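Working through the structure, step by step
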Amino acid sequence: MNSILVLVVGIGILIAGYVFYGKWLAGQWGVDPKRKTPAFTEEDGVDYVPAKAPVLMGHHFSSIAGAGPINGPIQAAVFGWVPVLLWVLIGGIFFGGVHDYGALFASLRHKGQSIGEVIADTMGSKAKKLFIVFAYLTLILVVAAFGSIVANTFKATYTESGAVDVAASSANATTAMISILFIVLAVVFGFMVYRRNVSLGVSTIAGVAAIVVCVVVGLNFHPIYLSETAWMVIVGIYITVASVAPVWILLQPRDYLSSFLLYFMMIVAAAGVIGSALMGHASLDIPAFTGFKDTLAPTGSSLGFMFPALFVTIACGAISGFHSLVGSGTTSKQLDNEKNARPIAYGGMLIECALAIVSLCAVGYIWSRYADGTTVVPTAVFATGISEMVATIPGLGGSTHVLYSLLVLTVSVFCLTSLDTATRLARYMFQEFWLEPGQTYKEATGYKAVLTNPVVSTVITVVLGIGLGLTGYSKIWPLFGASNQLLAAIGLLAVATWLGKVGKNNKMFLFPIHADRNHHIPCTDPARKLQGPWRRRWHRLVRSTYRAGRPACHPGADPGCRWIQDSGKSEKSKIMCDYKKRLPDKNGVFFCDRVLVFASHIRYNDRKLFQRERRKTVMKKIVFATGNAGKMKEIREILADLPVEIYSMKEAGISVEIDENGKTFEENAKIKAQTVAGCTDGDTIVLADDSGLEVDALNGEPGVYSARYMGEDTPGGRAGGKKNGTIRLCDCSRLPGWNSLYHQRND
């Protein structure tokens, strides 16, 4: 097989996937270019900082790439080039791209918070805690593995007498020196762009020129020769500082500049494959398929059976759970426009797939040396294969040594970038574990204030990661690969469940979740997890409605009437309303002794119609027209199992004066809902209540959170009523099918 054919066809398929499938995903999920991103709404100058798309693309790709798209395909080539290529293309377009894009989009809709908050929103706080623990441990493995890789790239070689072998250590010392200069350059670049407001174009030209200078200086001046342990300590100090520093001073500029090393590497690789093909040397000597078990074992140990080894080994080149942490941890806090999520997340994943195909071509070029165990370190295999292909081009025969050094440097820079990004993400996870939802570390008290301090949480993470990394890279990478793919499965479940909850299409997750379950996790029924607990409870409720032998709403009710739930301790398998105590109003809306809840826009008088319509209508977002913290707490408890996002006026960013001049309690509630609805978009449902409605409905006994219950002696009610917790939701603006005194559409 000719490697140029593999490269061209593979990249062509990836481009088609981005253009068509990526665009379809954006339409299905409702990406809104006009919606403000968390980078603006939560801007703090440290973690939430808007970044231009090219800068953020550099950060995101540099963070997710690391050594994964190079190591994985090279190691998995023992199964043949066909399985590797198929998994990279299918996995990248339908698995990894969907996973990365979905994680970033979900985080954007959760104020830039991590995927853990998405899980808390859809699966509960306990699930979030479990996820955070698992994700944190996985990030410790990332810090350990990548720290060990970087230290091995920088370390000096020693003779038997203990002296430094300068000749053997020259290449590593060069890489170390260029990396140090690169970090200094990034700090200067960030200062000039963000504090001196130098244009990005001018800064980019100067930055690229400075990269060339750094490379030249590093090749000719590299006086630092240290052991692996010493470099591990230095790397630990560096990532401690980098992960607590404002993103604009180091993370954004360094990752942006490092992206140009990537572009250089991709251009060189493409030139090498095409050039060697024109010279008649671009053969892919790897067998198409070697079997379902690795019997070659060039590294000395077999990968085992192709299922699941292929899918665990090729992680970043197809799907990686680490990507969801990057997308929801740092990228979502810097994205300046939702429309840029597709090129950055989905496009970034497909660029990794292209790099994985290049890596396959590289190992194919020197396959005989890899198969017999002569050259097996993935970084060396990649650099050797590409540099030797370039050397076949006339006039570039003497470039092998320089290109080899530059390619090793590029891989090292990516590993270093992924390393401090992983440290920052681990710090976020560690803090989230101890803090309450919505709480910041500045608001914590006692031992939590100490543990969640950014410096303390970072030091704990670094000590654990670097300490584990000292045991050696080879012992950590297999464990990292398995845990990384388990993390990807959880990320897919989280995003799919959230999309289902907010009423958006999540069917594109069915295939990845089932496949990922079969390859990585022992899940008995992922479809139930995909649907989420709210849908299972909904189905139980529907079945019990028909078993009860009566409609859930009054026979004369509006076609949009809804089921009623009692939040008391009743059997889950039965309708939670005492029909003997129901008090239907003239529109057929029931009051129960606890609470009235609107759950679904359904016609209950026709079972087939119900089965058809229940799949269509899901509440997307609810704004409750109140500033009463007690009412917000109770309404969230009441609607906890339903597919809704509930916001107070303050949380929704609505500040409007409401003139309650209605002649009746119903009119006041209607005024509230319509006033607030005028400040929202067309997909938002507004609910409003009035304490007087509760008084009327309960024979003069006000709700627990009404002003009358709190002691105000107001006409129409009495002070100190029964603590029954009633809330009357009397207006659903913009809800299809509602058009009554209490439930009026506001088109």
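Details of the structure are given in the entry above.
Let us look at the structure shown here. (Residues numbered from 1 in each chain as written. Predicted model: local features only at pLDDT ≥ 70, side-chain atom pairs only at ≥ 80, totals over all residues. Heavy atoms only, no water.)

1. Some words on the state of the cysteines
As a reminder of what qualifies: By convention in this document, the label disulfide applies to cysteine sulfur atom pairs within 2.5 Å. Throughout, exposure labels follow a simple rule: accessible area from a 1.4 Å probe, protein chains only, divided by the maximum for the residue type, with under 20% read as buried, over 50% as exposed, and the rest as partly exposed.
In the structure shown here, the tally under the stated rule is zero disulfides. Looking at the unpaired C415, the closest cysteine sulfur is the one in C316, lying at 9.9 Å. Classification of C415 by relative accessible area gives buried; the value is 0%.

2. A look at the packing of helix α8 (residues 166-194) against helix α11 (residues 251-278)
The condition that has to hold: Axes here refer to lines fitted to C-alpha atoms; in helices the fit is confined to the stretch in contact. Angles between the N-to-C directions go from 0 to 180 degrees. Helix and strand assignments come from DSSP, with helices taken as H or I runs of at least 4 residues and strands as E runs of at least 2, each series counted from the N terminus. Less than a right angle of anticlockwise turn of the near helix away from the far helix marks a crossing as left-handed, whereas a clockwise turn marks it as right-handed. Throughout, a residue-residue contact means that at least one pair of heavy atoms, one from each residue, lies within 4.5 Å.
Between α8 and α11, whose axes approach to 8 Å, the crossing angle comes to 115 degrees. For the pair α8 and α11, the sense of crossing is right-handed. Each of F182, L185, A186, F189, G190 and Y194 in α8 lies in contact with α11, whose residues at this interface are Q252, P253, R254, Y256, L257, S258 and L261.

3. A look at the nonpolar core
Note the threshold: Here the nonpolar core consists of buried residues drawn from Ala, Val, Leu, Ile, Met, Phe, Trp, Tyr and Cys, with membership extended through side-chain atoms lying within 4.5 Å.
Membership of the largest hydrophobic core comes to 146 residues, with the highest contact counts inside it found for F382, I386 and F509. Here this core takes 17 residues from helix α14 (residues 341-365), the largest share from any one element. If we skip the residues at most four places from it in the chain, I386 touches V268, A269, V358, A362 and L407. Membership of the second largest hydrophobic core comes to 17 residues, among which are I211, L406, L409 and V413.

4. Side note on the side chain of S258
The following threshold applies: Two N or O atoms count as a polar contact when they lie within 3.5 Å, although within protein this holds only if one can serve as hydrogen donor and the other as acceptor, and sequence-adjacent residues are included solely when both atoms are side-chain atoms.
Inspection of the secondary structure assignment puts S258 in helix α11. Assessed through its relative accessible area of 0%, S258 is described here as buried. Among the polar contacts listed, one links the side chain of S258 to the side chain of S62, at a separation of 2.7 Å. A distance of 2.8 Å separates a polar side-chain atom of S258 from the backbone oxygen of D255. Among all residues touching S258, those that are not within four sequence positions of it are S62, F182, V413, F414 and T417.

5. Structural notes on the pattern of salt bridges
Keep this limit in mind: The working definition used for a salt bridge is a side-chain nitrogen of Lys or Arg within 4 Å of a carboxyl oxygen of Asp or Glu.
Using the criterion set out here, one finds nine salt bridges in the structure. With a closest N to O distance of 3.0 Å, D47 and R424 form a salt bridge. In this pair, D47 sits in the loop between α2 (38-41) and α3 (53-65) while R424 sits in helix α17 (residues 400-434), placing the two residues 377 residues apart along the sequence. Owing to a relative accessible area of 13%, D47 belongs among the buried residues under this scheme. Between K128 and E117 there is a salt bridge whose closest N-O contact spans 2.4 Å. With K128 in helix α7 (residues 125-154) and E117 in helix α6 (residues 115-123), this residue pair connects regions lying eleven residues apart in the sequence. Of the two residues, K128 and E117, neither departs from the other in class, the shared state being buried.

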